[in-house]
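Here's the letter readout for the chains.
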Amino acid sequence: MIGLDYRHVLPFVSEAEIHNIAGRAEEAARKLTAKTGPGNEFLGWLDYPLTIKEKEIDEIIEAGKEIVNSAKVLVVIGIGGSYLGAQAVMDMMSDYFPADKRTQIIFAGNTLSSSYTARLLEYLENKDFSLNVISKSGTTTEPAIAFRLFRQLLRKKYGKEYYKRVYCATTIGKGALYNMARKNGYRLFSIPENIGGRYSVFTPVGLLPLAVSGIDIKELIAGAREAAIRHKSAPYPENEALIYAALRNLLYNKGKLIELLVFYEPKMRFFGEWYKQLFGESEGKENKGIFPASALYTTDLHSLGQYVQEGKRHLFETIVDVANPDLDIAIPAEAEDFDELNYLAGKTLSEVNKKALKGTVLAHVAGEIPNLLITIERLDPYHIGALLYFFMFACGVSGYLLGINPFNQEGVESYKRNMFALLGRKGYEELKKKLEEL
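Just so it is clear, the model here is predicted, and its values are computed rather than measured.

Definitions and cut-offs
- Residues numbered from 1 in each chain as written.
- Predicted model: local features only at pLDDT ≥ 70, side-chain atom pairs only at ≥ 80, totals over all residues.
- Heavy atoms only, no water.
- Helix = DSSP H or I, 4+ residues; strand = E, 2+ residues; numbered from the N terminus.
- Expected span 1.5 Å × (residues − 1).
- Buried < 20%, exposed > 50% of the residue type's maximum accessible area, 1.4 Å probe, protein only.
- Arc of directions from axis to C-beta.
- Contact = heavy atoms within 4.5 Å.
- Axes fitted to C-alpha atoms, helices over the stretch in contact; angles between N-to-C directions.
- Parallel < 35°, antiparallel > 145°, perpendicular 65-115°, else oblique.
- Left-handed = near helix turned anticlockwise from the far one by under 90°.
- Nonpolar A, V, L, I, M, F, W, Y, C, P; charged D, E, K, R; others polar.
- Pairing = 2+ DSSP bridges.
- Right-handed = clockwise from strand over helix to strand, strands pointing away.

Draft legend 1. Region of the structure containing helix 4 (residues 54-70). Compared with the 24 Å implied by 1.5 Å per residue over 17 residues, the 25 Å span of helix 4 between its first and last C-alpha is a close match. Of the residues making up helix 4, those classed as buried are I57, I60, A63, G64 and I67. Considered in projection along helix 4, the buried side chains sweep an arc of 120° and stay on one side of the axis. Pointing more than 90 degrees away from the buried face of helix 4 are the exposed residues K55 and N69. If you follow the buried residues of helix 4, they end up packed against strand 2 (73-77), strand 4 (129-134), strand 5 (166-170), strand 6 (187-190), helix 9 (204-212) and helix 10 (217-233).

In structure tokens, the structure reads:
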């Protein structure tokens, strides 16, 4: 399901070290699966693909059909984990140049850009649209502002019936968004209270917009389910998620402080954004953690390649490779070989891409950059579901290996408190005075 090749880490990490960390890795996995480690109140995602009811999935699919039948555009309002998973899967599954047939999905509430928001409001003026609002609390600044603005446009366009076009994913029974939904008759979907945003892609947070986009969410869950069974039970030597987490920890302790997640497929670029939030918010605690970055090769080899090859030796690369591309194309021969490419005639572009991958790995390893290779068979819902769960499970184990709580994110609140004070929110007067003194 998920292949892991770490031969190009062995020049930097010995087999003995990989063997010796087995006990710590297995103990970290036990804390995770037994739910005895820090942050265990947010481990609902661990079993969710195994426990989600078929009826709930069917209800999400039906709501997706309802949106497709009534709206040309679905605006998904959320930030961080409330949209990154869905955006990543959608990009991996979409056509490069989609025909304007299905309902268009646009993401909002993930930025405070006035230009973007104003343009989107203008764009929607003459289009039938619906809103999918995602927030546990309903008061997170960016999505809350967006919901207020787009709700106003909905009311203007559809009058009293506007509420039929609002679909909310939130914590049931508490919070501002839940109360607003109950008061106004918005359609409600549950975000389990024990699942944090960055681990929520298999809940209605990710599944509803994916259903609207036409993706087979049952297959996505099936892939995650198989991955959950494997990674929760397979022993250390055979468990790819445990080995990956262990190797990250060993490299971190050798001064490799940055992980560059690399793709050779443009559709995966946004997967890098999902990964960055997953590991950045999970591991960046107590002055610890690997800094997550991502790159698209071979494109970014023409910008970052020089630094990776000869810059500071504080990073390692993890490549996510798709074994079988959706399409392939052969390189033709030409009578006059002006570009000197006839030696490639008859080879396919995917062959060239694979050789570029191998050649880059060899060059970077020679330049003292360890390389891990993760492989999936193809970009389809089943394998994408397995890949997402693989990274989520590995992230939990990796956090416990670091000795931190991988399921909280108190640091994110710091900028919010300062922003609230500077904007004059009630209760932040004292902090505002301190900020003005700086």
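Draft legend 2. Up close: the packing of helix 12 (residues 269-283) against helix 15 (residues 381-402). Where helix 12 contacts helix 15, the two axes come as close as 10 Å, and the packing angle between them is 25°. Comparing their axes, helix 15 and helix 12 come out roughly parallel. Two packed elements cross with a definite hand, and for helix 12 against helix 15 that hand is right-handed. Where helix 12 approaches helix 15, its residues F271, W274, Y275, L278, F279, S282 and E283 are matched on the opposing element by L387, L388, F391, M392, C395, S398, G399 and L402. Here the residues of the contact of helix 12 with helix 15 are counted per class, giving eleven nonpolar, three polar and one charged.

Draft legend 3. Region of the structure containing the pairing of strand 3 (residues 104-108). With four of its five residues buried, strand 3 lies for the most part within the structure. The pairing of strand 2 with strand 3 spans five bridges and is classified as parallel. For V75, the partnering residue across the bridge sits in strand 3 and is I106. Taken together, strand 2, helix 5 (residues 84-93) and strand 3 constitute a β-α-β crossover, and its handedness is right-handed.

Draft legend 4. Quick look at the sheet that holds strand 1 (residues 3-5). Pairing in this open sheet of five strands is mixed, and the strands run 1-10-9-7-8 from one edge to the other. In this open sheet, the two strands that pair with only one neighbour each are strand 1 and strand 8 (291-296). Averaged over all pairs of adjacent strands, the angle between their axes in this sheet comes to 20°, without regard to strand direction. Set on the sheet, helix 14 (residues 349-366) makes contact with strand 9 (315-322) and strand 10 (371-376); between it and strand 9 the angle comes to about 165°. On top of the sheet, helix 15 reaches strand 7 (258-263), strand 9 and strand 10; it is set at about 145° to strand 10, its chief contact.

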